[in-house]
Protein chains: 4
Amino acid sequence: MSSYTIDINSDLGESYGAFKIGADAELFPLISSANVACGFHGGDPKTIDATVKAATAQGVRVGAHPSYPDLVGFGRRAMAATPEEIYADHIYQLGAVDAFCRVNGVQLQHVKTHGALNNVAMKDPVTAEAIVAAVKAYNPTLPIFVLPHTEMEKAALAAGLPVVREAFADRAYNADATLVARSRPGAMITDPDEAAARMVRLVTEQTIRTIDGDDLAIEADTICVHSDTATAVAIARALRAAFDAAGIAVRAIGNR
Amino acid sequence: MSSYTIDINSDLGESYGAFKIGADAELFPLISSANVACGFHGGDPKTIDATVKAATAQGVRVGAHPSYPDLVGFGRRAMAATPEEIYADHIYQLGAVDAFCRVNGVQLQHVKTHGALNNVAMKDPVTAEAIVAAVKAYNPTLPIFVLPHTEMEKAALAAGLPVVREAFADRAYNADATLVARSRPGAMITDPDEAAARMVRLVTEQTIRTIDGDDLAIEADTICVHSDTATAVAIARALRAAFDAAGIAVRAIGNR
Amino acid sequence: MSSYTIDINSDLGESYGAFKIGADAELFPLISSANVACGFHGGDPKTIDATVKAATAQGVRVGAHPSYPDLVGFGRRAMAATPEEIYADHIYQLGAVDAFCRVNGVQLQHVKTHGALNNVAMKDPVTAEAIVAAVKAYNPTLPIFVLPHTEMEKAALAAGLPVVREAFADRAYNADATLVARSRPGAMITDPDEAAARMVRLVTEQTIRTIDGDDLAIEADTICVHSDTATAVAIARALRAAFDAAGIAVRAIGNR
Amino acid sequence: MSSYTIDINSDLGESYGAFKIGADAELFPLISSANVACGFHGGDPKTIDATVKAATAQGVRVGAHPSYPDLVGFGRRAMAATPEEIYADHIYQLGAVDAFCRVNGVQLQHVKTHGALNNVAMKDPVTAEAIVAAVKAYNPTLPIFVLPHTEMEKAALAAGLPVVREAFADRAYNADATLVARSRPGAMITDPDEAAARMVRLVTEQTIRTIDGDDLAIEADTICVHSDTATAVAIARALRAAFDAAGIAVRAIGNR
């Protein structure tokens, strides 16, 4: 029996019509939770249906991955959307993906906001509260993925939403538990073995080495493997092998 | 107590961001069911939320009004979409509008496919079956609006979906119960009193006068007032006055 | 013969398919230059064609009115677009509107960036330079509308682009010649006669009264009447009457 | 010195933001003309700019590749667009791509309508005439790609537009010079050597073997290698090798 349990999540289903993106087929066997694009930054209806089916067939749980409405920018550009727009955009996207869960006989497991909107919500309480209000209005028992020590976590906890703390296998950390900006050297952890070793330590010791070389205490319920990192599949494979060796079970947050 | 009961429906919530369309505020007090645009031909998330709230506040029931993905064409152009695309597009749009029903504490009452897609489904069994399959997969108790004697009615009945037969206050009828093509003279009934008299007879005698002057037996559960007909509000007002005078109660199909 | 000459511009052609917006028909006889939406915040191809035709038929000159790609937000939401995106988006939109000028036998008179992107460019030199680089690359003799004393004016002058200084009939001014934020009381000048009197003084004395009650020296080559101000048509009419009375000729910047 | 000259064209620049599609980098060195997506089925502004730059750097000429407005369907679904819409959509897209030619110092070489719209125009004179009217209005000297013996060729010839007759390296032909429907077995020529041998014969003997095994007389000015055929790059390479061996020069239609 495993002493430790962790979830591995990845952003999938981001293809749009004829436009294919991401290594979904390779990642499905390696992860336990899929964040499924909802149509605003990727993910047309047929793709969402196929992604929910593929996830379910491989025992992967489904979450919604709502975004700013910015297909050409892939949801990676911050926008001055109002809280009312962010709230309504989340309701719309939650309902759309949940409908595909419903017709495929599975339950929507979680919400993880995408890209620039998630980044803004980390720091901006108004945005974080709009997102949390939408999730709570839609389903107050639906877990939301948050980076620890952010406005998003604060808003979710204040609203009584179930919170899933997320760590990133492919990112370096600052001393205050925020992620090192991608523009800084060393921000990305691209070596699969290094990423795996860091995540084993995170799960077993609740500790991660910061970019400055110090130890940081941090807890995580799920580990994200960015599907658009070049070495995503290699990192996911290394994680699984290292977790097996360390007696860490990979299990979706909704399957515990 | 009323001897007769009928539903009056209209397509509402079709505005898109700053682009306002339709006489929603004037029509809400006159109808019992609203077909709410789902974002593909009109209806952004904030508009859907506001429309569901306004409908609910005025006792109007909410249906989803899915379309081809054609915002610039307002869903009025037939497209060679595959059955798989039509199925998935319907699931997506049903879920999106249903989410706003959920957060506003109401139940989604029905589905009425919009514009060109609805017209295609009248005649094309493959399209009709794709729509019906989507509605059934989403919720097999969800009523679908159909024009009697069409492929859509046939498919819905074959699938065991609840069927709501629709008549049109502002349209002339052919001898075979189809609508007279808009391009033909006399296709549109624009005089409010004429429209009202025709609909009273339809409800009380299950009969309508065709464009050729003959009587046609036809039954209807709901009457559509097209919100984009110039005299829509006047027609809706005339209908209500004539129905009151004739002892016909206006009641949503889900409220009986 | 008139002692003074001024251009009056308005944002037109912002309808999108079935979605009609703006008082184009009423404004065309009252203005000399139209800023035509290019499809990114409004303005589908058929609308652009019709707008260029209507402008030309009424002696109104045509400019392009490029925006962020944000139809649902009507281009009113700032976005973290890169300079490369802003540059390419401008080239694309300039070419699209210019094509309709070409097929209708008229010359593109000017460029005026729309909404949030224009506001960002006022203050952000990187955005301003991206816009100016696009206009210059497309046509180095194409005049660009700028608010005086902004980064946009600075960038345009540095690049040697012809600059058209713009004033706003319906907006109050701060002491530093910036517009009073719409959120502040008194920011909007909605009284047509007041707007007209202010603009006569601006043209004849190069002076405007600030919100603090002081006189500010400011020059303008064109006056904007916002088509989405409720009293837009009334303001435009009052402007024309007051200008006639004051001997001010209204003439497009390209017609001098 | 070559006895024969032919153009090789391919549809490129169809990526959309983060969504990459097509083997542009591999195909550029093998072709002489690029049909550049204009934003309606693929091709965002930054992609168009980069594609025009890459084409130009490698001596490939640029054409516009306009489509129905159907990004999610990649322009492959016929739509009941009106002639006015098709006309205006073409003007818009021609202008947009031409703007990138202008800022990159090259001349727009040709127009080739994309996908479903091109297929419809082959058979429907109203659609063909709308496209031809747009090209002629935009630039009456701009060559248009047509399949011989179609309504598109007829309309272009009637309008006096320069016509470029196109053949397809990867498609089988019917006895009447139309392409064999993709749904029929043998419709696709996927073997690079077979495709190359067929095209050498087409260029040198103006003859092609039909699917029924007969010889068909047919002339071509340009040969299309579909960038989305799995063996597109292999076919293009085989073409170039076979053309070199046969003394056939590959040269863009605008470079003769």
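A quick note: this is a predicted structure, and the numbers were derived from the prediction, not measured. (Residues numbered from 1 in each chain as written. Chains lettered and ligands numbered in written order. Predicted model: local features only at pLDDT ≥ 70, side-chain atom pairs only at ≥ 80, totals over all residues. Heavy atoms only, no water.)

### Concerning the interface of chain D and chain A
For step 1, the next point in the chain: Between chain D and chain A, the contact holds 15 residues from the first and 15 residues from the second.
For step 2, the next point in the chain: Between chain D and chain A, roughly 1100 Å² of surface is buried when both sides are summed, and carbon and sulfur atoms account for 80% of that area.
For step 3, the next point in the chain: Area buried by chain D at its contact with chain A is led by Ala18(D), Phe19(D) and Val72(D), which between them contribute 56% of it.
For step 4, the next point in the chain: The interface formed by chain D and chain A holds 0 salt bridges in total. (Contact = heavy atoms within 4.5 Å. Buried area = accessible area lost by both parts, 1.4 Å probe. Salt bridge = Lys/Arg side-chain N within 4 Å of Asp/Glu carboxyl O.)

### Examining the relation of the copies chain A and chain B
For step 1, the next point in the chain: Least-squares fitting of chain A to chain B yields an RMSD of 0.0 Å, with the transformation described by 0.0 Å of translation along the axis and a rotation of 180 degrees. Taken together, the rotation and translation relating the two chain copies correspond to the operation of a two-fold axis.
For step 2, the next point in the chain: Both copies contact each other with a shared surface, as 100% of the interface residues of chain A are interface residues in chain B too. (Least-squares fit on C-alpha atoms with pLDDT ≥ 70 in both.)

### Quick look at the confidence of the model for chain A
Low-pLDDT stretches of the model should not have their predicted coordinates read in fine detail.
For step 1, the next point in the chain: Residues with a pLDDT of 70 or more make up 99% of chain A, whose mean pLDDT is 96.
For step 2, the next point in the chain: Reported confidence for the predicted complex is 0.96 by ipTM and 0.97 by pTM. (pLDDT = per-residue confidence, 0-100.)

### Here we look at the interface of chain A and chain B
For step 1, the next point in the chain: Counting from both sides, the interface comprises 24 residues of chain A and, opposite them, 24 residues of chain B.
For step 2, the next point in the chain: Carbon and sulfur atoms supply 69% of the area buried between chain A and chain B, which totals about 1900 Å² over both sides.
For step 3, the next point in the chain: Our count for the chain A to chain B interface comes out at 2 salt bridges.
For step 4, the next point in the chain: Residue Arg102(A) pairs with Asp98(B) through a salt bridge whose shortest N-O separation is 3.7 Å.
For step 5, the next point in the chain: Along the contact surface separating chain A from chain B lie 4 residue pairs in polar contact (both at pLDDT 80 or more).
For step 6, the next point in the chain: Listing elements by their share of the side of chain A that touches chain B, those giving two or more residues are helix H2 (45–57), helix H3 (83–103) and helix H5 (125–138) of chain A.
For step 7, the next point in the chain: Residue contributions to the side of chain A that touches chain B peak at 14 residues, all from H3(A).
For step 8, the next point in the chain: Class assignment for the residues of the side of chain A that touches chain B results in 14 nonpolar, 3 polar and 7 charged. (Polar contact = N/O pair within 3.5 Å; in protein donor to acceptor, adjacent residues only side chain to side chain. Helix = DSSP H or I, 4+ residues; strand = E, 2+ residues; numbered from the N terminus. Nonpolar A, V, L, I, M, F, W, Y, C, P; charged D, E, K, R; others polar.)

### Considerations on the packing of helix H2 (residues 45–57) of chain B against helix H3 (residues 83–103) of chain B
Each packed pair of helices is defined by two parameters, the angle between the axes and the distance between the axes.
Residues and elements named next belong to chain B.
For step 1, the next point in the chain: Their axes nearest at 9 Å, the elements H2 and H3 cross at an angle of 45 degrees. When the axes of H2 and H3 are compared, the pair comes out oblique. When the axes of H2 and H3 are compared, the crossing they make is right-handed. Two secondary-structure elements touch here, H2 through Pro45, Ile48, Asp49 and Val52 and H3 through Val97, Phe100, Cys101 and Val103.
For step 2, the next point in the chain: When grouped by side-chain class, the residues that make up the contact of H2 with H3 number 7 nonpolar, no polar and 1 charged. (Axes fitted to C-alpha atoms, helices over the stretch in contact; angles between N-to-C directions. Parallel < 35°, antiparallel > 145°, perpendicular 65-115°, else oblique. Left-handed = near helix turned anticlockwise from the far one by under 90°.)

### Concerning the pairing of strand E3 (residues 61–65) of chain C
Residue and element names in this part refer to chain C.
For step 1, the next point in the chain: Extensive coverage of E3 is indicated by the burial of 5 of its 5 residues.
For step 2, the next point in the chain: The side-chain alternation of E3 yields two buried faces, one formed by Arg61, Gly63 and His65 and the other by Val62 and Ala64.
For step 3, the next point in the chain: In the sheet, strand E2 (residues 33–37) pairs with E3 via 5 bridges, with the strands oriented parallel. Bridging from a neighbouring strand, Asn35 pairs with Gly63 of E3.
For step 4, the next point in the chain: Crossover E2 to E3 through helix H2 (residues 45–57) is right-handed.
For step 5, the next point in the chain: Pairing between E3 and strand E4 (residues 110–111): 2 bridges, direction parallel. Within the sheet, the bridge partner assigned to Gly63 lies in E4 and is His110.
For step 6, the next point in the chain: Handedness of the crossover is the feature at issue here: the chain leaves E3, passes through helix H3 (residues 83–103), returns alongside E4, and the resulting connection is right-handed. (Buried < 20%, exposed > 50% of the residue type's maximum accessible area, 1.4 Å probe, protein only. Pairing = 2+ DSSP bridges. Right-handed = clockwise from strand over helix to strand, strands pointing away.)

### Here's the deal with the pattern of salt bridges
Residue and element names in this part refer to chain D.
For step 1, the next point in the chain: For the coordinates displayed, the defined rule picks out 48 salt bridges over all chains.
For step 2, the next point in the chain: Here Lys154 ties to Glu151 by a salt bridge, and the two come within 3.2 Å at their closest N and O atoms. With Lys154 and Glu151 both in helix H6 (residues 151–159) and 3 residues apart, this pair spans about one turn of that helix.
For step 3, the next point in the chain: Look at Lys154 and you get exposed, because its relative accessible area is 52%.
For step 4, the next point in the chain: Residue Asp215 is joined to Arg201 by a salt bridge in which the shortest nitrogen-to-oxygen separation is 2.5 Å.

### Comments concerning unusual backbone geometry
Residues and elements named next belong to chain A.
For step 1, the next point in the chain: Unlike most non-glycine residues, Ala177 shows phi in positive territory, near 75 degrees.
For step 2, the next point in the chain: Position of Ala177 among the secondary structure elements: in the loop between strand E6 (163–168) and helix H7 (192–205).
For step 3, the next point in the chain: Ala177 sits in the buried class, given a relative accessible area of 3%.
For step 4, the next point in the chain: For Gln206, which is not glycine, the phi dihedral falls at a positive 50 degrees.
For step 5, the next point in the chain: For Gln206, the location among the structural elements is in the loop between H7 and strand E7 (207–209).

### Considering the relation of the copies chain D and chain A
For step 1, the next point in the chain: For the match of chain D to chain A, the screw axis carries a shift of 0.0 Å, the RMSD comes to 0.0 Å, and the turn is 180 degrees.
For step 2, the next point in the chain: When the interface residues of chain D are mapped onto chain A, 100% of them again lie at the interface, so the same face is used by both copies.

### Considerations on the nonpolar core
For step 1, the next point in the chain: Formed by 339 residues in total, the largest nonpolar core has its most connected members in Phe243(A), Phe243(C) and Phe243(D).
For step 2, the next point in the chain: When near neighbours in sequence (up to four residues on either side) are disregarded, Phe243(C) contacts Ile6(C), Ile8(C), Met199(C), Val200(C), Val203(C), Ile223(C), Ile248(C) and Val250(C).
For step 3, the next point in the chain: Among the nonpolar cores identified, the runner-up in size contains 12 residues, and Phe19(B), Ile21(C), Leu71(C) and Val72(C) belong to it. (Core = buried A, V, L, I, M, F, W, Y, C linked by side-chain atoms within 4.5 Å.)

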